[in-house]
Amino acid sequence: MSSLRCTIAKHPIIFLVDTSTTLNQLKQIHNQLLINGIINDPHLFGQFVASIALNNPINLTYSNRLLDHCHNPTLFTFNSMIRAHCKSSTPHRSFEFYKRIITSTHRLSPDNYTFNFLVRTCAQILSLEAGMLVHCSVLKHGFDSDPHVQSGLIFMYAAMGCLDSCHKVFDQIPVPDLVCQTAIVSACAKWGEVVLARKLFDEMPVRDLIAWSAMIAGYAQCGLSRKALDLFNLMQIEGVKVNEVSMVSVLSACTHLGALNQGRWAHAYIEKNRLKMTVTLGTALIDMYAKCGDMNKAMEVFRCMGEKNVYTWTSVINGLAMNGAGEKCLELFSMMKQAGVRPNEVTFISVIRGCSVVGLVEEGREHFDSMRRVYGIEPQLEHYGCLVDLYGRAGRLDEALNAIDDMPMKPHAGAWGALLNACTIYKNTEMGELASRKLVELEAKNHGAYVLLSNIYADSKEWDKVTDVRQVMKAKGVKKLPGCSAIEVDGEVHEFFVEDKSHPRYNEIEFMLGEISRRLRSAGYVANTKPVLFDIEEEEKEDALCKHSEKIAIAFGLISLKQNQPIRIVKNLRVCWDCHDVTMMISKIFDREITVRDRNRFHHFKDGHCSCKGYW
């Protein structure tokens, strides 16, 4: 007899137990079983207890109480209780029932189902010690060759980040089945071994949906978004039906690349295939639209969602903040509280950022203070970093420094970086030097600290100090991260680097760059050469600025996209002042809507204006 599927026929009354059965109804069914004497049959009684436990976790306590009154529970009953607790809010209780199996006076012995559920429990509670003990028991009882237990062990070790153990388990399997192959692909993909994961994936004779989803998720998590989308396209060619998990990873890849058109296609695919719009999928869709700069569509998805949780609300609030809509961000936060949804730590990061982008300093400070006072949430490093940024963007540098000094923990790089950026904007050399020194102490290889400090010196024409900074960078092996800008055209993402000439249409791009320069000069543009760190002639500086990656991407957009199509750029670094001002003028001169997403926020340019409104 299988301990999972009891061969004894169920009594008809047990079929009354389902996910909607209330506690009062269970007691009535229990009473009928007592009257009919069925409760004395250990197999039927075990089925009753298992049905209660597995159908509704709310009734798990009642099933535990019933089991305590059974003198000879079956292995099926104990396994069902392990399985039920594994998926409950009290997974650690699974081990109590395992102990009752091995100490049973009725010669019970754990089977493959017992260990399959126990390794899931270990993965759930993330206890390596418990996992290793269960693994030892698996070996002791001779179930190490069971494919379900093997795949469960791989999954368990992967959940704990023990990739070496995953490989050891997998390497000991003579002929791994599809489930085990999928488990090791998932483990490698999850923990960054995407090259090996792809090799194993390609070698699989048959690939199921889980394997495809794991590989796509692995690429997306490692930032290899283009590979994630390429694999998704291959998945479509091979006719594999996609589920919610796959689409969440695809949307994540679109989000990272700023590939709005591909994101729209993914949304259309979801609707065409009638995938259930779960909270997770809906939230991922909102995040994609928001981070690709289409807040109208993000809000439309948000309004149409039937069920929303704190992550859904936070995602759209963060999107509004990123897109410069600080006032709307605060309005939605107020609606969230009115809806009875309790904000979490991430919500407040988005809210304070929303205040920061529109200069609402006092309101931002009030929300910061309300975290502890109203919600009992202790501000963390990220919140203090946002507070420093709030004061710094508004030019209140002394208060920004005081916020750092008042932090109850050691200030992190985010706080000093926010202060340094503010010092660059407001030309405070003395405080900028302090912030840069503190930042370098925390992150010796942080190229941004050196670059921003150099900008401060360059702005004051202190070229000797600019040279000193560059020499320190060279001595310490610090290299400036090259600027990279991506633009999506006809569903394909094109990436450009500083002075990049590798694109097949570069001659056309260069011609357009010249046309942009000519029309900018005619409009009275004078280059802001302060971001250029070299003591060189102004004409050379202007030429260097002209080759910044976002300007190359904009030029490509002008020659590739129709007049009525917005130009959307995703940049890996913060947009410099000159590129910001140039883009603002290009939007007016060429009558184009341009959106640039840098590493911090969006800049929406239209008719010669920017959404940042001066709150840099």
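Residues numbered from 1 in each chain as written. Predicted model: local features only at pLDDT ≥ 70, side-chain atom pairs only at ≥ 80, totals over all residues. Heavy atoms only, no water.

A.B. asks: Help me understand the overall build of the chain in this model?
C.D. replies: The number of helices and strands found in the chain is 31 helices and 6 strands. Counting over 616 residues, the chain shows a buried share of 54%. Summed over all atoms, the accessible surface of the chain reaches about 29,500 Å², with 52% contributed by carbon and sulfur. (Helix = DSSP H or I, 4+ residues; strand = E, 2+ residues; numbered from the N terminus. Buried < 20%, exposed > 50% of the residue type's maximum accessible area, 1.4 Å probe, protein only. Areas by Shrake-Rupley, 256 points an atom, 1.4 Å probe, with all protein chains shown as cover.)

A.B. asks: Just to check I follow, could you spell out the nonpolar core for this structure?
C.D. replies: Taken as a class, soluble globular proteins show a tendency for nonpolar side chains to be buried jointly. In this structure, Ile154, Met247 and Leu419 are the most contacted members of the largest nonpolar core, which totals 153 residues. Among the elements that line this core, the one with the most residues is helix H24 (residues 413-426), at 8 residues. Sequence-distant contacts of leucine 419, that is, excluding residues within four places in its chain, are made with Val388, Leu397, Ala400, Leu401, Ile404, Met431 and Ala435. (Core = buried A, V, L, I, M, F, W, Y, C linked by side-chain atoms within 4.5 Å. Contact = heavy atoms within 4.5 Å.)

A.B. asks: Where do I start with helix H7 (residues 128-140) in this structure?
C.D. replies: Along an α-helix, a turn takes 3.6 residues, which lines up residues three or four apart on a common side. Taking 1.5 Å per residue as the helical rise, H7 with its 13 residues ought to reach 18 Å, and the 18 Å between its terminal C-alpha atoms agrees with that figure. The secondary structure elements touched by the buried residues of H7 are helix H5 (94-102), helix H6 (112-125), helix H8 (147-159) and helix H9 (163-171). The positive-phi residue at the C-terminal boundary of H7 is glycine 142, with phi of around 80°. (Expected span 1.5 Å × (residues − 1).)

A.B. asks: What am I meant to see in the UniProt feature "repeat: PPR" (unreviewed entry) in the chain here?
C.D. replies: Under the UniProt annotation, "repeat: PPR" (unreviewed entry) lies at residues 208-242 and 309-343. Overall, residues 208-242 shows 74% helix and 0% strand. The separation of its end C-alpha atoms is 11 Å. Here residues 309-343 runs as 74% helix and 0% strand, with 10 Å between its end C-alpha atoms. (UniProt positions renumbered as here; feature names shortened; annotations may be inferred.)

A.B. asks: Explain the packing of aromatic side chains to me, please; I cannot follow it from the model alone.
C.D. replies: The geometry of two aromatic rings is summed up by the distance between their centres and the angle between their planes. The final tally for this structure, using the stated rule, is 11 aromatic pairs. Between phenylalanine 115 and phenylalanine 143, the ring centres sit 5.8 Å apart and the planes meet at 45°, which makes this aromatic pair tilted. Taken as a pair, phenylalanine 115 in helix H6 and phenylalanine 143 in the loop between H7 and H8 lie far apart in primary sequence, 28 residues in all. Residues phenylalanine 333 and phenylalanine 348 carry aromatic rings whose centres are separated by 5.7 Å and whose planes lie at 70° to one another, so their mutual orientation is edge-to-face. Placement of phenylalanine 333 in helix H19 (residues 326-338) and of phenylalanine 348 in helix H20 (residues 345-357) is noted, with a sequence separation of 15 residues between them. Phenylalanine 348 matches phenylalanine 333 in its accessibility class, with the two residues each being buried. We note arginine 207 situated over the ring of phenylalanine 201; from NZ or CZ to the ring centre the distance is 4.6 Å. For lysine 308, the ring lying beneath its charged end belongs to phenylalanine 302, and the centroid distance is 5.0 Å. (Phe/Tyr/Trp six-rings, centres within 6.5 Å; stacked < 30°, edge-to-face > 60°. Lys NZ or Arg CZ within 6 Å of the ring centre and 35° of its normal.)

A.B. asks: Quick question: what am I supposed to make of the sheet that holds strand S5 (residues 602-606) here?
C.D. replies: Hydrogen bonds along the backbone pair up the strands of a sheet, which may run parallel or antiparallel. Across the sheet, which stays open at both edges, the 6 strands sit in the order S2-S1-S3-S4-S5-S6 with mixed pairing between neighbours. Sheet topology places strand S2 (492-497) and strand S6 (609-610) at the edges, where each strand pairs with a single neighbour. The pairing of strand S4 (residues 594-597) with S5 spans 4 bridges and is antiparallel. Each bridged residue has a counterpart across the sheet, and for isoleucine 594 the counterpart in S5 is phenylalanine 605. (Pairing = 2+ DSSP bridges.)

A.B. asks: Whenever I open this one, the environment of leucine 573 confuses me. Can you help?
C.D. replies: Relative to the assigned elements, leucine 573 resides in the loop between strand S3 (567-571) and helix H31 (577-589). For leucine 573 and arginine 599, which are 26 residues apart along the polypeptide, the C-alpha to C-alpha distance reads 5.4 Å. With residues up to four places along the chain from it excluded, the contact list for leucine 573 reads His447, Lys480, Leu481, Pro482, Gly483, Asp598 and Arg599.

A.B. asks: Is there a simple way to explain the packing of helix H2 (residues 42-55) against helix H4 (residues 75-86) in this structure?
C.D. replies: For any two helices packed against each other, the geometry comes down to the angle between their axes and how far apart the axes lie. One way to put it is that H2 packs onto H4 with a least axis distance of 9 Å and a crossing angle of 5°. As far as their axial angle goes, H4 and H2 are roughly parallel. Contact residues: H2 offers Gly46, Gln47, Val49, Ala50, Ala53 and Leu54, while H4 offers Phe76, Thr77, Ser80, Met81, Arg83 and Ala84. The residue inventory of the contact of H2 with H4, partitioned by class, reads 7 nonpolar, 4 polar and 1 charged. (Axes fitted to C-alpha atoms, helices over the stretch in contact; angles between N-to-C directions. Parallel < 35°, antiparallel > 145°, perpendicular 65-115°, else oblique. Nonpolar A, V, L, I, M, F, W, Y, C, P; charged D, E, K, R; others polar.)

A.B. asks: Where do I start with the pairing of S3 in this structure?
C.D. replies: Put simply, side chains in a regular strand alternate between the two faces of the sheet. The buried fraction of S3 amounts to 5 of the 5 residues, a majority that puts the element mostly inside the structure. Of the two faces of S3, the one lined by Ile567, Ile569 and Lys571 and the one lined by Arg568 and Val570 are each fully buried. Bridge count between strand S1 (residues 484-489) and S3: 3 bridges; the pairing is antiparallel. From the neighbouring strand, isoleucine 487 faces S3, where its bridge partner is isoleucine 569. Pairing analysis gives 4 bridges linking S3 to S4, with the strands arranged parallel.

A.B. asks: Explanation requested: empty space enclosed by the protein in the structure shown.
C.D. replies: Using a probe with the size of a water molecule, rolled over the atoms, empty space left in the structure can be pinpointed. In total, this model carries 3 cavities of 30 Å³ or more according to the counting rule given. Lining the largest cavity, in full, are Gly258, Lys291, Cys292, Arg568, Ile569, Val570, Thr595, Arg597 and Phe602. Those elements that provide at least two residues to the lining of the largest cavity are S3 and S4. If you tally residues by element for the lining of the largest cavity, the top one is S3, at 3 residues. A class-by-class count of the residues in the lining of the largest cavity yields 4 nonpolar, 2 polar and 3 charged. (1 Å grid on protein atoms, 1.4 Å probe; cavity = no way out; pocket = protein on both sides within 12 Å on 5 of 7 lines; lining within 4 Å. Points joined across faces, edges and corners; volume = space filled by probe spheres on them.)

A.B. asks: Looking at this structure, how should I read the pattern of salt bridges?
C.D. replies: Note on pairing: side chains with opposite charge can pair once their charged atoms come close. This structure, assessed with the given rule, holds 17 salt bridges. When the shortest N-O distance is used, the salt bridge between aspartate 294 and arginine 264 registers 3.4 Å. With aspartate 294 in the loop between helix H16 (279-291) and helix H17 (295-304) and arginine 264 in helix H15 (residues 260-272), the pair connects residues that are 30 residues apart, well separated along the chain. Classification of aspartate 294 as buried rests on a relative accessible area of 15%. Two residues, aspartate 287 and lysine 291, come together in a salt bridge whose shortest N-O distance is 3.4 Å. Residue aspartate 287 and its partner lysine 291 are both found in helix H16; the two are separated by 4 residues, about one turn of the helix. Here the salt bridges share partners, and the residues they tie into one network are Glu362, Arg396 and Glu399. (Salt bridge = Lys/Arg side-chain N within 4 Å of Asp/Glu carboxyl O.)

A.B. asks: What exactly am I supposed to notice about the packing of helix H28 (residues 506-522) against H31 here?
C.D. replies: Between H28 and H31, whose axes approach to 11 Å, the crossing angle comes to 90°. Between H28 and H31, the crossing angle belongs to the class labelled roughly perpendicular. Across the interface between the two elements, Ile516, Arg519 and Leu520 of H28 pack against Val582, Met585, Ile586 and Ile589 of H31. Tallied by class, residues from the contact of H28 with H31 come to 6 nonpolar, no polar and 1 charged.

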